[in-house]
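Each chain, written out:
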Amino acid sequence: MALLSLIIPVFRVEKYLAACLDSVLAQRRADVEIVAVDDASDDGSSAILASYAQRHPEITVVTLDRNSGLGAARNAGIAHASGRYVWCVDSDDWLPDGSLDAVADRVEHTDPDILITGYSRIYPDGRAEEHPVTGIAPGRQLPEVFRFADEPGLLDVLWIACNKIIKRDRLVDTGITFQSGWYEDVSFVIPLLVAIDRIAVLDRDCYAYRQHDDGAITRTVSDRHFEVFDQWQRVFTYLDAHPGRAAGVRPLIFGRMIWHCLQVLGHRHRVPRSHRRRYFRRTCELYHQHRPVGGYPVPGDGNGNGNGNGNGNGNGNETIKHRLVAANAYSLYRTLMAVWSLRKRLLGRADRTSGATGAGGRPTTAGRTPPAAARPGTVPARGGAVDDEAEEGAIR
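Here's what I pulled together on the structure shown here. Everything numeric here is computed off the predicted structure, so don't read it as measured data.

Residues of strand β6 (residues 128-131) alternate between two faces, with E129 and H131 buried on one and A128 and E130 left unburied on the opposite face. In this structure, strand β5 (residues 114-122) lies alongside β6, joined through four bridges in antiparallel fashion. Within β6, the position partnered with I122 by the bridge is A128. Where β5 folds back onto β6 in an antiparallel hairpin, the turn is made up of five residues, including G126, whose phi is positive at roughly 90 degrees.

Structurally, D39 is set in the loop between β2 (32-38) and α2 (45-55). Ignoring sequence-local partners within four residues, the contact set of D39 consists of V10, F11, L64, R66, N67, S68, G69, L70 and A73. One polar contact links D39 to N67, side chain to side chain, over a distance of 2.9 Å.

The subject of this paragraph is the side chain of S99. With respect to the element layout, S99 can be found in helix α4 (residues 99-110). For S99, a relative accessible area of 0% corresponds to the buried category. If we skip the residues at most four places from it in the chain, S99 touches Q27, W87, R204, D205 and C206.

This next bit is on the nonpolar core. With 74 residues, the main nonpolar core has F148, I199, W232, I253, Y279 and F280 as its most contacted residues. When near neighbours in sequence (up to four residues on either side) are disregarded, Y279 contacts H225, F226, V228, F229, C261, V264, L265 and V271. In terms of nonpolar packing, the next biggest core, distinct from the first, is built from 38 residues, L4, Y85, L158 and Y207 among them.

Attention shifts here to the environment of R29. In this structure, R29 sits in the loop between α1 (17-25) and β2. Classification of R29 by relative accessible area gives partly exposed; the value is 22%. On a C-alpha basis, the gap between R29 and A104 in space is 9.7 Å, while along the polypeptide they are 75 residues apart. Ignoring any residue separated from it by four or fewer positions in sequence, one finds R29 in contact with L3, L100, D101 and A104.

Summed over all chains, the structure comprises 19 salt bridges. Notably, a salt bridge pairs D113 with R170, separated by 3.9 Å at the nearest N-O pair. You can see D113 sitting in the loop between α4 and β5 and its partner R170 sitting in helix α5 (residues 168-174), a full 57 residues away along the chain. For R170, a relative accessible area of 22% gives the class partly exposed.

How each quantity is defined
Residues numbered from 1 in each chain as written. Predicted model: local features only at pLDDT ≥ 70, side-chain atom pairs only at ≥ 80, totals over all residues. Heavy atoms only, no water. Buried < 20%, exposed > 50% of the residue type's maximum accessible area, 1.4 Å probe, protein only. Helix = DSSP H or I, 4+ residues; strand = E, 2+ residues; numbered from the N terminus. Pairing = 2+ DSSP bridges. Contact = heavy atoms within 4.5 Å. Polar contact = N/O pair within 3.5 Å; in protein donor to acceptor, adjacent residues only side chain to side chain. Core = buried A, V, L, I, M, F, W, Y, C linked by side-chain atoms within 4.5 Å. Salt bridge = Lys/Arg side-chain N within 4 Å of Asp/Glu carboxyl O.

Encoded structure:
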């Protein structure tokens with residue numbers, strides 16, 4: 001039995017596929033298998049897969065009869081896997097050198113149900129933005145293994161599936177699978193974290209997560225962004241079915257759900273402008289359907305004390321936005337977003353002007369801190385699931 005099964009869904013990635021496969025094959029571990037799922041790709045990807053499989057016996061190609069989407073392709077790959085652990089790797093991304101050895105050593109040492117690694121976002125200009133898992137518990141060392149309820153800071157780490165290595169038989173036992181639709185990682189990762197008992201982390205950059213200027217769902221104006229509600233509804237259906245395991249973390253998950261829905265709405269490249277009121281109303285419906293009786297902490301509310309009931313101590317914009325959702329006050333929400341967006345632009349312009357020249361007219365950056373995105377090894381505050389920070393209402 002292989003130790004690791006890498007599940008690689010493939011659809012229209014002929015530009016990137018060879019680099020992805022090469023990044024794995026170059027690390028040369030005999031206990032690693034690759035299960036590549038051809039999701040009825042209609043470009044040159046199928047031919048690339050056939051060529052690699054002919055030369056590398058560790059590659060198994062699973063071919064789907066019709067295009068089924070990322071979630072279904074991952075499920076098909078997992079069903080064909082034989083490894084002790086499965087790792088979903090997107091075919092336009094890659095694994096940095098040494099990642100397989102580091103992951104293998106960690107899972108063999110700690111025997112976790114799931115291992116979470118650090119990762120980097122790689123931008124088209126070559127910039128790498130590191131996301132270490134130390135962001136889960138800043139300033140202290142995490143236990144070797146732990147439960148989600150004991151370290152809820154996991155919710156502040158992007159819930160992509162690709163930096164999570166999962167014990168295959170434990171995954172099968174939970175019955176959790178990827179669902180169809182956009183934002184499919186939400187309804188997979190969060191229930192899985194709730195379901196399992198042994199989580200470990202590896203504070204090493206083990207995944208290169210490619211960011212695209214175009215083509216990504218985060219930069220596609222479409223009604224399909226409404227599918228985020230379906231994914232979160234699945235999360236809470238799971239929590240409702242497992243109240244004992246969800247009791248301690250449900251309020252935190254609820255807060256992140258509303259935060260996430262508002263981040264999607266606040267990004268100008270996602271929800272069509274003519275449909276934003278309807279999107280806001282759907283967020284309100286989800287809010288009142290699942291709001292915890294005892295309140296909840298509002299993510300990013302300035303001091304973490306907001307309780308989501310309109311009488312918390314949070315003083316940040318997030319608390320205000322959550323209260324507007326509770327009141328279904330879209331017109332006021334839209335007005336405040338416009339004001340905050342204008343304020344952000346004016347402050348940015350003033351900052352650039354004040355920093356343009358120093359003593360004697362020389363350029364200076366004294367006393368200024370570069371944005372988190374420009375500093376390697378940092379995690380933007382309350383990073384979460386959004387690839388780009390919301391264009392509107394981002395002032396804290």
